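Coordinate analysis (summary)
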Amino acid sequence: MAAEQASAQDRASDVLAAQVRDADEVEAQAADAARVRSAAVLSDARAVLAAAAEHARATLAASDGAVADDAVRKALAAELAGADAALAATGPGAGQSATALRSLSAALAASDAAVVGAHDAWLAEEAAAAAAAAAAPRPSTPGKPATSAPSCGTTYSGPPFYTSPATAGGDGSNGRLPPEALAAISWDVDPHGTPYFLKNAAAAALERLNTAFRGEFGHNLDLDLTYRDYDTQVAMRAALGSVAATPGTSTHGTGLALDVPELPCEYGWDTPQRSWMVSNGPSYGWVSPSWAGRNGSNPEYWHFEYRG
């Protein structure tokens, strides 16, 4: 009888030990899962901050010399420096937390929005000044009839469309260009804050052209649309009909075309800007195709293409 009791006690001890081991294993698994979740949350927070930093850099480049008060740009630059420092810190001793990174992202986004607003206000003032200058009567040359300045009202009457970002996982076909095939123009972003993307060679050539354009006119070349993904081509065709290219055939979908704003007083027929682009653009690989000319099959004074 005593032997049986001892055996029962041994079995009970074994069961208790197994329960303790099971509890330890469950606790270890929970700790591992918590570490995995924490790492995923931290990684996501870093990705959000990295995207905000990239956008802030584009905003600073686009707004250089194009805000009324540079204090907002200096504030954004300071926030960006802090974000870059946080992104550069790695390893267990970095002391990073997802909460801190998200706070940095929020502060950076707020400063970014302030600069975008200041830049938009500056552009509006510039446009108003240009409109006023265009509307002002010009003295006529003796013996020569006076001519009126071209209208500054846009010639576009459809719904708004914007330039497209690169197509993640794109196969390289028209409207599906992957990020590695495109480069962002350094001096401007669209009203949604999306950089103007073009095929790498076309973007590099446009950067050189813009340097010459700025030397001639004292300001950067204005952009309205560049790369256009397939979905945007479909939407434009639905909204504008045959005026828009058949989806999958637009030269914008190749990353080799750009539109300047449809403002006849600035880039319309016979304006100094368009005349300069037509005369000098080919030196940089950028041309006004014959079909887009005044007497072409589909006149578009705003459209230019990169031919290399």
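Up top is the structure.
The notes below deal with the structure included here. (Residues numbered from 1 in each chain as written. Predicted model: local features only at pLDDT ≥ 70, side-chain atom pairs only at ≥ 80, totals over all residues. Heavy atoms only, no water.)

Its location among the elements puts Leu-60 in helix α1 (residues 2–63). We classify Leu-60 as buried; its relative accessible area is 14%. Sequence separation of Leu-60 and Leu-80 is 20 residues, and the distance between their C-alpha atoms is 9.9 Å. In this structure Leu-60 touches Arg-73, Leu-76, Ala-77 and Leu-80, once residues within four positions along its chain are discounted. (Helix = DSSP H or I, 4+ residues; strand = E, 2+ residues; numbered from the N terminus. Buried < 20%, exposed > 50% of the residue type's maximum accessible area, 1.4 Å probe, protein only. Contact = heavy atoms within 4.5 Å.)

Of note, Thr-226 is situated in the loop between α4 (200–217) and α5 (230–240). Setting aside its immediate chain neighbours within four residues, Thr-226 contacts Thr-163, Tyr-196, Phe-197, Leu-198, His-252, Ala-257 and Leu-258.

With that out of the way, let us pick up the nonpolar core. Judged by nonpolar contacts, the single largest core of 22 residues is most densely connected at Ile-185, Leu-206, Leu-209, Leu-221, Leu-223 and Trp-286. Elements supplying a minimum of two residues to this core: β1 (182–189), β2 (195–199), α4, α7 (272–280) and β5 (303–306). Ranked by residue count, the leading element in this core is α4, at 6 residues. Contacts of Leu-209, omitting those with residues within four sequence positions, involve Leu-221, Trp-276, Met-277, Gly-281, Tyr-284 and Trp-286. In terms of nonpolar packing, the next biggest core, distinct from the first, is built from 15 residues, Leu-49, Ala-52, Ala-86 and Leu-108 among them. (Core = buried A, V, L, I, M, F, W, Y, C linked by side-chain atoms within 4.5 Å.)

So, on to the packing of aromatic side chains. Taken as a whole and judged by the stated rule, the model has 7 aromatic pairs. Between Trp-269 and Tyr-301, the aromatic rings sit 5.7 Å apart at their centres with planes inclined by 75°, giving edge-to-face as the arrangement. One end of the pair, Trp-269, is in the loop between α6 (264–267) and α7; the other, Tyr-301, is in the loop between β4 (286–287) and β5, with 32 residues separating them in the sequence. Note on Tyr-301: relative accessible area 4%, which makes it buried. A ring pair is formed by Trp-286 and Tyr-306, whose centres lie 5.6 Å apart and whose planes are at 50°; its orientation type is tilted. Of the two residues, Trp-286 is situated in strand β4 and Tyr-306 in strand β5; the sequence distance between them amounts to 20 residues. Here a set of aromatic residues connected by ring pairs shows up, and it is made of Phe-213, Phe-217, Tyr-267 and Trp-276. Its end group placed over the ring of Tyr-230, Arg-176 keeps NZ or CZ at 4.4 Å from the ring centre. (Phe/Tyr/Trp six-rings, centres within 6.5 Å; stacked < 30°, edge-to-face > 60°. Lys NZ or Arg CZ within 6 Å of the ring centre and 35° of its normal.)

Note that all results are geometric; they support no functional claim without further evidence.
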